[in-house]
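Descriptive analysis of the structure
The primary structure of each chain is shown beneath.
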2 protein chains.
Amino acid sequence: MSTRRTFLHTLGLGAGLSALAPTLLSATPSKTAAGRPAQKLRVAIMGLGSYGTRVAEAMKSCTSAELVGIVTGSPEKIPVWKSKYNIPDKNVYNYETIGQMKNNPDIDAVYVITPNSLHHKHVMQVAAAGKHAICEKPMADTAKHAQDMIDACEKAGVKLLIGYRLHFEPYTRKVIEMLRAGEMGKIMHVDNYQGFKIGDPTQWRLKKNLAGGGALMDVGIYCLNAARYLTAEEPVWVTAQETKTDPVKFAEVDETITFQLGFPSGIIATCATTYNFNFERLYVVGTKGFAEMSPAYGYGPLKGRTHKGPLEEPVVTHQTLQMDGMADIILNGKTVTPAVDGYEGLKDMKVIDAIYKSIKEGSKKVMLG
Amino acid sequence: MSTRRTFLHTLGLGAGLSALAPTLLSATPSKTAAGRPAQKLRVAIMGLGSYGTRVAEAMKSCTSAELVGIVTGSPEKIPVWKSKYNIPDKNVYNYETIGQMKNNPDIDAVYVITPNSLHHKHVMQVAAAGKHAICEKPMADTAKHAQDMIDACEKAGVKLLIGYRLHFEPYTRKVIEMLRAGEMGKIMHVDNYQGFKIGDPTQWRLKKNLAGGGALMDVGIYCLNAARYLTAEEPVWVTAQETKTDPVKFAEVDETITFQLGFPSGIIATCATTYNFNFERLYVVGTKGFAEMSPAYGYGPLKGRTHKGPLEEPVVTHQTLQMDGMADIILNGKTVTPAVDGYEGLKDMKVIDAIYKSIKEGSKKVMLG
């Protein structure tokens with residue numbers, strides 16, 4: 001690793017920079033004493049599809065991260081991105097040349113935003129190039145692959161973060177904060193669902209070899225991840241059911257899945273996800289109150305209420321906050337709870353594996369952990 | 001059977017009375033041409049607990065039904081009810097003397113509001129006495145008992161109705177009407193839950209021999225029944241999970257159960273019920289819209305909204321409407337959809353049996369029908 005960050009740390013300036021860096025939810029740019037911007041995390045985006053574009057746009061407003069490079073298999077996109085985001089030629093890679101990024105000191109991290117089942121291969125490449133990896137969720141197609149990715153990043157001495165943008169999002173954080181403060185009392189039940197009517201039948205999300213799975217992997221993971229951060233527990237068993245009302249369109253991947261998670265304290269979280277209709281809600285109820293968000297998982301504005309009344313948090317661009325937060329984690333060793341590291345992603349993947357297993361076994365209870 | 005109703009039918013006046021009788025949701029008293037009240041269903045209440053009292057109070061406003069008798073095992077309640085509801089001595093029975101009701105032409109029907117696992121025995125007694133039976137839900141503790149009750153009432157030539165008060169309730173009926181009219185498009189998913197924190201640990205609801213089961217039987221049945229009337233389909237499979245966070249209080253009956261129903265069209269209904277915390281909601285989503293009610297199953301006022309905006313239906317006393325509607329069914333052969341007959345109750349009981357079976361078998365899918 002030979003990055004500016006490492007260099008500054010070597011000079012003993014890391015701690016000073018850390019103190020000057022923006023805090024996780026700060027909205028104003030951080031400046032050094034001399035008025036120059038504080039060091040930023042220099043990011044390349046791998047995969048220039050619609051979500052990659054959304055992240056690139058959001059990063060324009062980042063104070064601690066900046067888009068400096070791209071990795072793409074679509075040569076026609078290069079001139080567009082170069083001019084739109086001021087990317088120098090030397091920071092442009094494709095899937096054959098990415099290994100050479102090792103010799104590029106001007107890129108700190110790569111955000112992998114490729115089809116889900118390629119995350120494993122691509123994060124391995126990023127680690128091999130000695131760059132920090134930020135990987136979209138789901139982090140992989142199986143828990144086995146997720147573990148490989150963690151191992152590879154640890155071995156390479158780079159960080160691995162998963163794109164759990166809601167862990168930085170104000171409505172979500174407010175609900176978590178209220179739960180942890182005991183404002184809902186003892187948590188008794190969670191009921192989450194998230195799904196949408198998917199369009200273009202030719203897209204990668206419907207191809208098993210690219211997507212790894214269907215609605216569960218892509219959006220059901222929000223319900224699962226939320227069940228874990230709402231309860232602050234890890235599930236000990238899972239049961240699941242599947243239905244396919246359009247077996248032609250969803251020939252290769254799951255359309256609609258319902259699943260239930262049993263937690264050590266006795267909470268059962270009931271969840272549902274689909275690619276075939278629109279619904280979205282987070283719900284947690286305790287002995288003293290409840291929280292409900294709907295929409296709860298999309299790009300916002302989110303909306304919610306508790307037993308105390310409407311939630312009224314700042315409306316932000318999730319990806320801006322996420323990338324600033326992740327820069328703070330990578331550059332300054334900051335931690336965030338709920339976590340966004342590889343182990344967090346692995347926990348979800350283990351449950352996803354178990355959900356598919358339960359479905360195969362006629363909904364039978366699959367024990368975890 | 002020798003009731004005024006039978007007598008009038010014999011005279012060929014049944015049809016005429018039917019035309020004069022109040023329609024199901026009419027709020028104004030029906031009068032005969034001569035200005036006298038139309039014939040009313042003369043009801044005895046069996047079981048004078050808190051819900052029996054609620055029904056008695058509600059019947060004061062009925063136009064087609066009247067409370068004329070009681071069946072009770074608590075002698076101390078007799079003078080109170082006699083004076084409060086103007087019950088004549090000859091219409092007062094206990095569980096030993098109820099057989100003698102056969103010779104009383106002034107009672108048409110008995111509303112059985114005793115602990116759930118006694119419904120079977122008591123409806124058999126009502127049928128044996130030649131009276132129409134109205135039975136609180138759940139109609140029995142098992143499907144086997146429910147079938148016995150249907151058979152006994154058919155053999156005795158009396159009607160058997162189950163206390164599905166929401167089938168008469170305006171918010172519920174409005175949602176069903178919108179669904180049937182296609183306003184939500186093709187129905188894709190249902191998510192219902194209903195539960196409450198139960199008080200007195202010594203009450204019959206927590207005793208297996210009186211209650212038959214716990215939250216599932218008592219309040220989970222609302223979610224199940226709603227899933228059936230929202231979809232207008234019968235489930236083909238069921239899966240279920242149980243959790244007990246207070247094994248002392250809920251030593252004999254189920255505390256919290258989550259269950260899933262698979263319908264022929266591919267809809268999965270996800271449901272949850274408990275005796276250990278408060279939550280209550282009905283939710284149905286289709287390709288063109290949704291309906292949500294919360295509260296959805298209590299005594300009202302209920303509250304709800306659809307994709308078109310808030311539901312604003314008349315706020316009524318559910319039990320008044322129910323008893324007038326049931327009088328219309330019994331006296332005039334009126335039908336109501338969703339049904340409130342014994343077969344409707346039996347369908348719920350078959351699913352409840354299957355839910356307990358699935359729990360015993362580690363949540364495995366239990367096929368129905």
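The following refers to the structure shown. (Residues numbered from 1 in each chain as written. Chains lettered and ligands numbered in written order. Predicted model: local features only at pLDDT ≥ 70, side-chain atom pairs only at ≥ 80, totals over all residues. Heavy atoms only, no water.)

**Considerations on the relation of the copies chain B and chain A**
Our working rule: Superposing copies: least-squares fit, C-alpha atoms only, residues required to have pLDDT of at least 70 in both. Throughout, a residue-residue contact means that at least one pair of heavy atoms, one from each residue, lies within 4.5 Å.
Expressed as a screw transformation, the operator carrying chain B onto chain A has a rotation angle of 180° and an axial translation of 0.0 Å, and the superposed copies differ by an RMSD of 0.0 Å. In short, the pair behaves as if placed about a two-fold rotation axis. It is B:Lys364 whose C-alpha, among those of chain B, lies nearest the rotation axis, at 2.3 Å. An overlap of 100% is found between the interface residues of chain B and their copies at the interface of chain A, pointing to a shared contact surface.

**Concerning the interface of chain B and chain A**
Selection rule: In short, buried area is how much 1.4 Å probe accessible area vanishes from two parts on joining, totalled over both. Here a polar contact is taken to be a pair of N or O atoms separated by no more than 3.5 Å, where protein atoms must pair a possible hydrogen donor with a possible acceptor and residues adjacent in sequence count only if both atoms sit in side chains. Here a helix means four or more residues in a row that DSSP labels H or I, a strand means two or more in a row labelled E, and each is numbered from the N terminus. Throughout this entry, Asp, Glu, Lys and Arg are counted as charged residues, while Ala, Val, Leu, Ile, Met, Phe, Trp, Tyr, Cys and Pro are counted as nonpolar. The remaining residues, Gly among them, count as polar.
Counting residues at the interface gives 30 residues for chain B and 30 residues for chain A. Summed over the three residues of chain B that lose the most area to chain A, namely B:Met188, B:Ile268 and B:Phe277, the buried surface amounts to 19% of that side. On inspection of chain B and its partner chain A, the count reaches 11 residue pairs in polar contact (both at pLDDT 80 or more). Per-element tally for the side of chain B that touches chain A: the top contributor is strand 8 (residues 237-243) of chain B, with five residues. Residue composition of the side of chain B that touches chain A, by class: nine nonpolar, 14 polar and seven charged.

**Comments concerning the sheet that holds strand 5 (residues 132-135) of chain A**
Residues and elements named next belong to chain A. Inclusion rule: Should DSSP find at least two bridges between two strands, the strands are taken to pair. Fitting a line to C-alpha atoms yields each axis, with helices limited to the stretch in contact; the angle taken between N-to-C directions then spans 0 to 180 degrees.
Overall, parallel pairing links the six strands, which are arranged 3-2-1-4-5-6 in an open sheet. The sheet terminates laterally at strand 3 (92-93) and strand 6 (160-162), the two strands that pair on one side only. Relative to strand 4 (residues 109-112), strand 1 (residues 41-46) runs parallel, the two sharing four bridges. What sits directly across from Met46, in strand 4, is Val112. Seen against the sheet, helix 4 (residues 77-85) touches strand 1, strand 2 (65-71) and strand 3 and runs at an angle of roughly 165° to strand 2.

**Remarks on the side chain of A:Glu255**
All names here are of chain A. Filter applied, for reference: Think of it in three bands: residues with accessible area under 20% of the maximum for their type are buried, residues over 50% are exposed, and the middle band is partly exposed, with areas taken using a 1.4 Å probe on protein chains only. Asp and Glu are treated as the negative residues and Lys and Arg as the positive ones, with His and the ends of the chain left uncounted. Whenever Lys or Arg places a side-chain nitrogen within 4 Å of a carboxyl oxygen from Asp or Glu, that contact is recorded as a salt bridge.
On the secondary structure map, Glu255 appears in the loop between strand 8 (237-243) and strand 9 (256-262). The buried charged residue Glu255 lacks any salt bridge, with Lys244 as its nearest oppositely charged partner at 7.3 Å. A polar contact is formed between the side chain of Glu255 and the backbone nitrogen of Asp246, at a distance of 2.9 Å. Apart from residues no more than four positions distant in its own chain, Glu255 is found in contact with Ala215, Glu242, Thr243, Lys244, Thr245, Asp246, Phe250, Thr273, Thr274, Tyr275 and Asn276.

**Considerations on helix 9 (residues 215-231) of chain B**
All names here are of chain B. What counts here: Expected helix span is taken as 1.5 Å per residue step, with the number of steps being one fewer than the number of residues. We define the bend at each residue as the angle formed by axes fitted to the 7 residues ending at it and the 7 residues starting at it.
With 17 residues, helix 9 extends 23 Å between its outermost C-alpha atoms, agreeing within 8% with the 24 Å of an ideal straight helix rising 1.5 Å per residue. At Ile221, helix 9 shows its strongest bend, of approximately 45°. Most of helix 9 is tucked away: 17 of the 17 residues are buried. The first or second residue beyond helix 9 is Ala232, which carries a positive phi of 55°.

**Some words on the packing of helix 6 (residues 143-156) of chain A against helix 11 (residues 342-360) of chain A**
Residues and elements named next belong to chain A. Which entries qualify depends on this criterion: The labels follow the angle: roughly parallel below 35 degrees, roughly antiparallel above 145, roughly perpendicular from 65 to 115, and oblique for the rest. Handedness of a helix crossing follows the sense of rotation of the near helix relative to the far helix, less than a right angle counterclockwise being left-handed and clockwise being right-handed.
It is at 8 Å that the axes of helix 6 and helix 11 come closest, and there the two elements cross at 165°. As summarised for this structure, helix 6 and helix 11 are arranged roughly antiparallel, according to the angle between their axes. Both helix 6 and helix 11 take part in a crossing whose hand is left-handed. Here Ala143, Ala146, Gln147, Ile150 and Glu154 of helix 6 lie close against helix 11, whose contacting residues are Gly342, Tyr343, Leu346, Met349, Lys350 and Asp353. In the contact of helix 6 with helix 11, the residues fall into six nonpolar, two polar and three charged.

**A few points about the nonpolar core**
Filter applied, for reference: Each nonpolar core is a collection of buried residues, namely Ala, Val, Leu, Ile, Met, Phe, Trp, Tyr and Cys, held together in the definition by side-chain atoms within 4.5 Å.
Counting 111 residues, the largest nonpolar core has B:Met139, B:Leu160 and B:Phe259 as its most contacted members. Considering each element in turn, this core owes the most residues, 12 residues, to helix 9 of chain B. Setting aside its immediate chain neighbours within four residues, B:Phe259 contacts B:Leu216, B:Gly220, B:Cys223, B:Leu224, B:Thr239, B:Ala240, B:Gln241, B:Ala269, B:Thr270, B:Cys271 and B:Ile355. Among the nonpolar cores identified, the runner-up in size contains 110 residues, and A:Val126, A:Ile187, A:Ala227 and A:Val351 belong to it.

**Overview of the packing of aromatic side chains**
Note the threshold: Think of it this way: a Phe, Tyr or Trp ring, Trp meaning its six-membered ring, pairs with another when their centres are within 6.5 Å, and the plane angle makes it stacked under 30 degrees, edge-to-face over 60, tilted otherwise.
Per the counting criterion, the structure on display carries 18 aromatic pairs over all chains. Here A:Tyr283 and B:Tyr193 contribute two aromatic rings whose centre-to-centre distance is 5.1 Å and whose plane-to-plane angle is 15°, an arrangement assigned as stacked. Here A:Tyr283 is found in strand 11 (residues 279-286), whereas its partner B:Tyr193 is found in strand 7 (residues 187-195) on a different chain. The residues A:Tyr283 and B:Tyr193 share a single accessibility class, namely buried. Ring geometry for B:Tyr193 against B:Phe279: centres 4.6 Å apart, planes inclined by 15°, an arrangement best described as stacked. Separated by 86 residues along the polypeptide, B:Tyr193 in strand 7 and B:Phe279 in strand 11 (residues 279-286) bring together distant segments of the chain. Each member of the pair, B:Tyr193 together with B:Phe279, is buried. An aromatic cluster of three or more residues is present, and its members are A:Tyr193, A:Phe277, A:Phe279, B:Tyr283 and B:Phe290.

**Quick notes on the sheet that holds strand 12 (residues 290-293) of chain B**
Residues and elements named next belong to chain B. In spatial order, the strands read 14-13-12-11-7-10-9-8-15; together these nine strands make up an open sheet with mixed pairing. This sheet does not close on itself; its edge strands, each paired only once, are strand 14 (309-310) and strand 15 (366-367). Sheet topology note: the strand 8/strand 15 ladder contains two bridges and is antiparallel. Its bridge partner being in strand 15, Trp237 is matched across the sheet by Met367. This element, helix 9, spans strand 7, strand 9 (256-262), strand 10 (268-274) and strand 11 of the sheet and lies at about 160° to strand 7.

**Overview of the pattern of salt bridges**
In the structure shown here, the tally under the stated rule is 34 salt bridges over all chains. Between A:Asp108 and A:Arg42 there is a salt bridge, with its nearest N and O atoms 2.7 Å apart. Of this pair, A:Asp108 sits in the loop between strand 3 and strand 4 while A:Arg42 sits in strand 1, and the two are 66 residues apart along the sequence. For A:Asp108, a relative accessible area of 1% corresponds to the buried category. Judged by its relative accessible area of 7%, A:Arg42 is buried. Of the charged contacts in the structure, one is a salt bridge between B:Arg228 and B:Glu234, with a shortest N-O distance of 2.8 Å. A relative accessible area of 34% means that B:Glu234 is categorised as partly exposed. Each of A:Arg42, A:Lys90, A:Asp106 and A:Asp108 takes part in salt bridges that share partners, so that together they form one network.

**What to know about unusual backbone geometry**
A cis amide bond, omega 0°, links A:Thr337 with the succeeding residue A:Pro338. Relative to the elements of secondary structure, A:Pro338 occurs in the loop between helix 10 (318-332) and helix 11. Residue B:Pro138 is bonded to the preceding B:Lys137 through a cis peptide linkage, with omega at -10°. Along the polypeptide, B:Pro138 turns up in the loop between strand 5 (132-135) and helix 6 (143-156).

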